[in-house]
Amino acid sequence: MHNFIYITASSKEEAEGIARDLLEKRLAACVNIFPIKSYFWWEGKIEGALEWALIVKTRSEKFAEIRDEVKKIHSYSVPCICAIPIERGLKEFLEWIDETVEG
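Right, let's walk through the structure included here.

The rules behind each value
Residues numbered from 1 in each chain as written. Predicted model: local features only at pLDDT ≥ 70, side-chain atom pairs only at ≥ 80, totals over all residues. Heavy atoms only, no water. Helix = DSSP H or I, 4+ residues; strand = E, 2+ residues; numbered from the N terminus. Rg over C-alpha atoms; globule rule 2.2 N^0.38 Å. Buried < 20%, exposed > 50% of the residue type's maximum accessible area, 1.4 Å probe, protein only. Contact = heavy atoms within 4.5 Å. Patch = residues over 30% accessible without salt bridge, like charges linked within 9 Å, V, L, I, M, F, W, Y side chains within 5 Å. Areas by Shrake-Rupley, 256 points an atom, 1.4 Å probe, with all protein chains shown as cover. Salt bridge = Lys/Arg side-chain N within 4 Å of Asp/Glu carboxyl O. Pairing = 2+ DSSP bridges. Axes fitted to C-alpha atoms, helices over the stretch in contact; angles between N-to-C directions. Parallel < 35°, antiparallel > 145°, perpendicular 65-115°, else oblique. Left-handed = near helix turned anticlockwise from the far one by under 90°.

## Re the overall build of the protein chain
Part 1: Looking only at helices and strands, one finds three helices and four strands in the protein chain.
Part 2: Written out in order from the N terminus, the α and β elements of the protein chain read β-α-β-β-α-β-α.
Part 3: In summary, the protein chain has a C-alpha radius of gyration of 14 Å against a globular reference of 13 Å for 103 residues, a match within 12%.
Part 4: Overall size of the protein chain, expressed as C-alpha extent along the three principal axes, is 45 × 25 × 20 Å.
Part 5: Considering the protein chain as a whole, with its 103 residues, one finds that 37% of them fall into the buried category.
Part 6: Within the protein chain, contacts between residues at least 6 apart in sequence are counted, and of these 72% link residues at least 24 apart.

The following block contains the structure:
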């Protein structure tokens, strides 16, 4: 099984650092990074912020390890780290994830 793990970060530099860390540890095959505008409830009021989103392409069993690694290096006290199961995908792409991410 495979997951996309969605993570948000406070800056491009933080997002790139998280991506490099996960790739160097072979926890991810690929990480996409893009800017987003987020609105959310925080401490009783609506806030808005420019954030950076990451989509981490990985094997499902790596979620707990990725979650724990990101929590260690993330600047947020409550970071968004959510797994999205991949129900179907190009067979060769999913095989590439399996070959790239350490077991």
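Once you've had a look at it, read on.
## Some thoughts on a nonpolar patch on the surface
Part 1: On the surface, a cluster of nonpolar side chains totalling about 450 Å² of accessible area is made up of Tyr-39, Trp-41 and Ile-46.
Part 2: Assignment of secondary structure puts Ile-46 in strand E3 (residues 45-59).
Part 3: What makes Ile-46 exposed here is its relative accessible area of 56%.

## Digging into the pattern of salt bridges
Part 1: Scanning the model with the defined rule gives eight salt bridges in all.
Part 2: The salt bridge partner of Glu-61 is Arg-59, with a shortest N-O separation of 2.4 Å.
Part 3: Asp-68 is the partner of Arg-67 in a salt bridge, and the nearest nitrogen-oxygen pair spans 3.0 Å.
Part 4: You can call Asp-68 partly exposed: its relative accessible area is 38%.
Part 5: Here the residues in one salt-bridge network are Asp-21, Lys-25, Glu-69 and Lys-72, joined through shared partners.

## So, the pairing of strand E2 (residues 30-42)
Part 1: Two strands pair when backbone bridges link them, and E2 and E3 are joined in this way by 13 bridges, in the antiparallel orientation. In the sheet register, Asn-32 faces E3, and the bridge partner there is Ile-55.
Part 2: Between E2 and E3, which pair antiparallel one after the other, the connecting turn spans two residues, and Glu-43 there sits at a positive phi close to 50°.

## Focus: the side chain of Thr-8
Part 1: Looking at the element boundaries, Thr-8 is found in strand E1 (residues 2-9).
Part 2: Thr-8 gets classed as buried once you look at its relative accessible area, which sits at 7%.
Part 3: In contact with Thr-8, other than residues within four places in its own chain, are Ile-36, Glu-51, Trp-52, Ala-53, His-74, Tyr-76 and Cys-80.

## Remarks on the packing of helix H1 (residues 12-24) against helix H2 (residues 63-73)
Part 1: Contact pair H1 / H2: the axes reach a minimum separation of 11 Å and the direction vectors enclose 140°. Relative to H2, the element H1 is oriented oblique. In the crossing of H1 with H2, the sense of the turn from one axis to the other is right-handed. Contacts from Glu-14, Ile-18, Asp-21 and Leu-22 of H1 reach H2 at Ile-66, Glu-69, Val-70 and Ile-73.

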